[in-house]
Amino acid sequence: MADKKVLFVSQEITPYVPSTPMSDLGKAIPQYIQEHGYQIRTFLPKWGIINERRNQLHEVIRLSGMNIIINDTDHPLIIKVATLQSSHIQVYFIDNDDFFKKRQMAVDKEDNEYDDNYERAVFYARSVIETTKLLRWSPAIIQCQGWISALTPFYIKNAYADEPCFGGSKCVMTLHDQKLNKPLPDNYKDMLAFRNITPKKIDSFNLPLNTYEDYMMFCISFSDALVCADAHVNPELVQFAKDKGIPVQDYCEDAFDEKIANFYHSLE
């Protein structure tokens, strides 16, 4: 699969956010993949905790300015970019004043979850896809990391199913030991609606959308593969994928980057 393209839709990447198992892998895996002949693009939310000056972010005017409409509300999309010095990997940052400016990640400074986290996920997934289209980039693999990226397979396999850019793309969901505690908003099907996706069509999938576990199962159901990036991922989510016949890469501490690359190759 050398020379093929991999799109990383990330939630955390060190050093832009504090070091965690997720953010460390968010940096290590793209670097490993690039070093082994893959072409990559990497996206990250422009969380409010990211220091633009220290990390030398700058706006990409030609990619910014689009409006992402969610439930009849316009949300302007701003694209910024920076380069990881250790690997020269370009990272594209998805920004918006309402969803990210002066705001932390899933929780605020008092450790309270934001009420609009699931709406932020809609904005992020659609923004990444639209920006990838503008870049005229056709990924063979789309690897999604964390709750905020999880809707990407859903949109790729439905709203963008006829787009030549994503015609052969395989979506890989990466599971970590994380959870959102707040339930999904009652009008979430309206928030998800886009192009041919209507609340009625979402009902036809016969999957509940009430809890975080429901949300992740819904997103996994549109994925082509699942990667367990932590020893303590939710076993119910893993079993759900296996019951659906979705290939699963189990977690292991040794040579995890290499196993991910081999896993990509197995999806060809």
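A quick note: this is a predicted structure, and the numbers were derived from the prediction, not measured. (Residues numbered from 1 in each chain as written. Predicted model: local features only at pLDDT ≥ 70, side-chain atom pairs only at ≥ 80, totals over all residues. Heavy atoms only, no water.)

Caption draft 1: View of the layout of surface pockets. Approximately 180 Å³ is the volume attributed to the largest pocket. Lining the largest pocket, in full, are Gln11, Glu12, Trp47, Ile49, Gln104, Met105, Ala106, Val107, Glu113, Trp147, Lys179 and Leu180. Class assignment for the residues of the lining of the largest pocket results in 7 nonpolar, 2 polar and 3 charged. (1 Å grid on protein atoms, 1.4 Å probe; cavity = no way out; pocket = protein on both sides within 12 Å on 5 of 7 lines; lining within 4 Å. Points joined across faces, edges and corners; volume = space filled by probe spheres on them. Nonpolar A, V, L, I, M, F, W, Y, C, P; charged D, E, K, R; others polar.)

Caption draft 2: Broad picture of empty space enclosed by the protein. Taken as a whole, this structure holds 3 cavities of 30 Å³ or more when the rule is applied. Put simply, the largest cavity is a space of about 80 Å³. In this structure, the largest cavity is lined by Phe8, Ser10, Leu25, Gly26, Ile29, Pro30, Gln143, Gln145, Thr174 and His176. Elements supplying a minimum of two residues to the lining of the largest cavity: helix 1 (21-35) and strand 8 (141-145). The leading source of residues in the lining of the largest cavity is helix 1, at 4 residues. The residue inventory of the lining of the largest cavity, partitioned by class, reads 4 nonpolar, 6 polar and no charged. By volume, the second largest cavity amounts to about 60 Å³. Around the second largest cavity, the lining residues are Gly146, Trp147, Thr174, Leu175, His176, Gln178, Tyr212, Met216, Val233, Asn234 and Leu237. For the lining of the second largest cavity, the elements supplying multiple residues, two or more each, are strand 9 (170-175) and helix 6 (212-220). Among the residues making up the lining of the second largest cavity, the classes are represented as 6 nonpolar, 5 polar and no charged. (Helix = DSSP H or I, 4+ residues; strand = E, 2+ residues; numbered from the N terminus.)

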